[in-house]
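Listed below, chain by chain, are the residues.
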Amino acid sequence: MSFEELVLPPSESVVRLFARHPSSLGKPIKIRPKDFDRGMGYMSGISMYRAKAKEVARGKWGSEWPKGILIGAAGPIQELGLVFYHTGNDHFSVRCPICDLNRNQTVLPLCKKTVGLCDFDPASALTAAVGQTIPVGIRDRLVKLFSVDTAPY
Amino acid sequence: MTTRTLERLSIDWFDMVKQQLDALRDDCHRLNSGYPVPSDATFEKAKLTIEKFRQLADFPALPESEVSIGSNGEVIIMWDFSRGCVELTIADTIHARVYNDDNQEVLELPRVPVVLSFLAKAA
């Protein structure tokens, strides 16, 4: 299966699902870098949906923990140099441009980048940069581009 | 005596983190979080790590930590200070970093309690 790059208008809203430990109910929600972790078990990008499909997205994620939706605009994400790959209906995967969309990670490496660190992957950045102060990574920057969607559903 | 007891409770952040980790582990098994469940060994490693930290520094009161799980079965513990966040990611290996809006620094584990203590005193 091949995936095509999806270019969205800068003002179009996109959404990301998140979950919280049940003990956090009633507390203010702070968006955290972990909310933008990429899952390495299925595909290797950050899963997002076009905002028009947010109710579909909410229903698809089987988390029984309190869950919510983060909403942001496509433009600032694309300005970070990230690319959207259309993966079906209104779902897309957010990745580095160089990403080979590898889903068979036991056979092929996840990342094609051979020079420098993969800014997308917190573990690789952490391993290589002990003691150095470096710019925050992609997940940290995404935190500032999203807000919690408070619209009723 | 009551005052001393309350004071002790207010600084006993280690017990609080342990309780949070136990609750997290229970809830991971009780309810599907949508993320892979960290192994029991990972939870134990998280507790041991925190215990080592406590032994390494004389801590002032820390803010309430947040414990959560990552997309790949990690246990994440973080403290949010006014000047930045300290984040521990515990899986097969343990990563620690301190970060603010613009920069991050990766911490070797022995430095974590020092940084925690510094940020808590500076708050």
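Residues numbered from 1 in each chain as written. Chains lettered and ligands numbered in written order. Predicted model: local features only at pLDDT ≥ 70, side-chain atom pairs only at ≥ 80, totals over all residues.

Looking at the sheet that holds strand 4 (residues 67-73) of chain A
Residues and elements named next belong to chain A. With respect to topology, 7 strands assemble into an open sheet ordered 1-5-6-3-2-4-8, the strand pairing being antiparallel. Among the strands making up the open sheet, the edge pair consists of strand 1 (4-6) and strand 8 (146-148). Strand-to-strand, the axes of this sheet are offset by a mean angle of 40°, without reference to chain direction. The pairing of strand 5 (residues 83-88) with strand 6 (residues 91-95) spans 5 bridges and is antiparallel. What sits directly across from Tyr85, in strand 6, is Ser93. (Pairing = 2+ DSSP bridges. Helix = DSSP H or I, 4+ residues; strand = E, 2+ residues; numbered from the N terminus. Axes fitted to C-alpha atoms, helices over the stretch in contact; angles between N-to-C directions.)

Quick notes on the interface of chain A and chain B
Counting residues at the interface gives 27 residues for chain A and 23 residues for chain B. When residues of the side of chain A that touches chain B are traced back to their parent elements, those giving at least two are helix 3 (122-128) and strand 7 (133-135) of chain A. Of all the elements, strand 7 of chain A adds the most residues to the side of chain A that touches chain B, at 3 residues. For the side of chain A that touches chain B, a count of residues per class yields 12 nonpolar, 10 polar and 5 charged. Where strand 7 of chain A and strand 5 (residues 103-107) of chain B come together, 3 bridges link them in antiparallel fashion. Paired with Thr133 of chain A across the strands is Glu105 of chain B, a residue of strand 5 of chain B. (Contact = placed C-beta atoms within 7 Å. Nonpolar A, V, L, I, M, F, W, Y, C, P; charged D, E, K, R; others polar.)

A few points about the sheet that holds strand 7 of chain A
With antiparallel pairing, 6 strands are arranged side by side in an open sheet as 7(A)-5(B)-4(B)-3(B)-2(B)-1(B). In this open sheet, the two edge strands, each paired with only one partner strand, are strand 7 of chain A together with strand 1 (66-69) of chain B. Taken over all neighbouring pairs, the strand axes of this sheet differ in orientation by 25° on average, direction set aside. Sheet topology places strand 3 (residues 84-90) of chain B next to strand 4 (residues 94-99) of chain B; 6 bridges connect them, and they run antiparallel. Across the sheet, residue Leu88 of chain B finds its bridge partner in strand 4 of chain B, namely Ala96 of chain B. Strands in contact with helix 2 (residues 13-30) of chain B are strand 1 and strand 2 (75-81) of chain B; relative to strand 1 of chain B, the strand with the most contacts, it is inclined by about 25°. Sheet contacts for helix 4 (residues 112-122) of chain B: strand 2, strand 3, strand 4 and strand 5 of chain B; angle to strand 3 of chain B, the most-contacted strand, approximately 150°.

Topic: the pairing of strand 3 (residues 46-50) of chain A
All names here are of chain A. Along strand 3, 5 of the 5 residues are buried, which leaves the element largely enclosed by surrounding structure. Side chains Ile46, Met48 and Arg50 project from strand 3 onto one buried face, and the interleaved Ser47 and Tyr49 project onto a second face that is buried too. Bridging between strand 2 (residues 13-19) and strand 3 involves 2 bridges; their strand directions are antiparallel. Each bridged residue has a counterpart across the sheet, and for Val15 the counterpart in strand 3 is Tyr49. One ladder, built from 4 bridges, connects strand 3 with strand 6; its direction is antiparallel. (Buried ≥ 20, exposed ≤ 12 C-beta atoms within 10 Å, placed from the backbone.)

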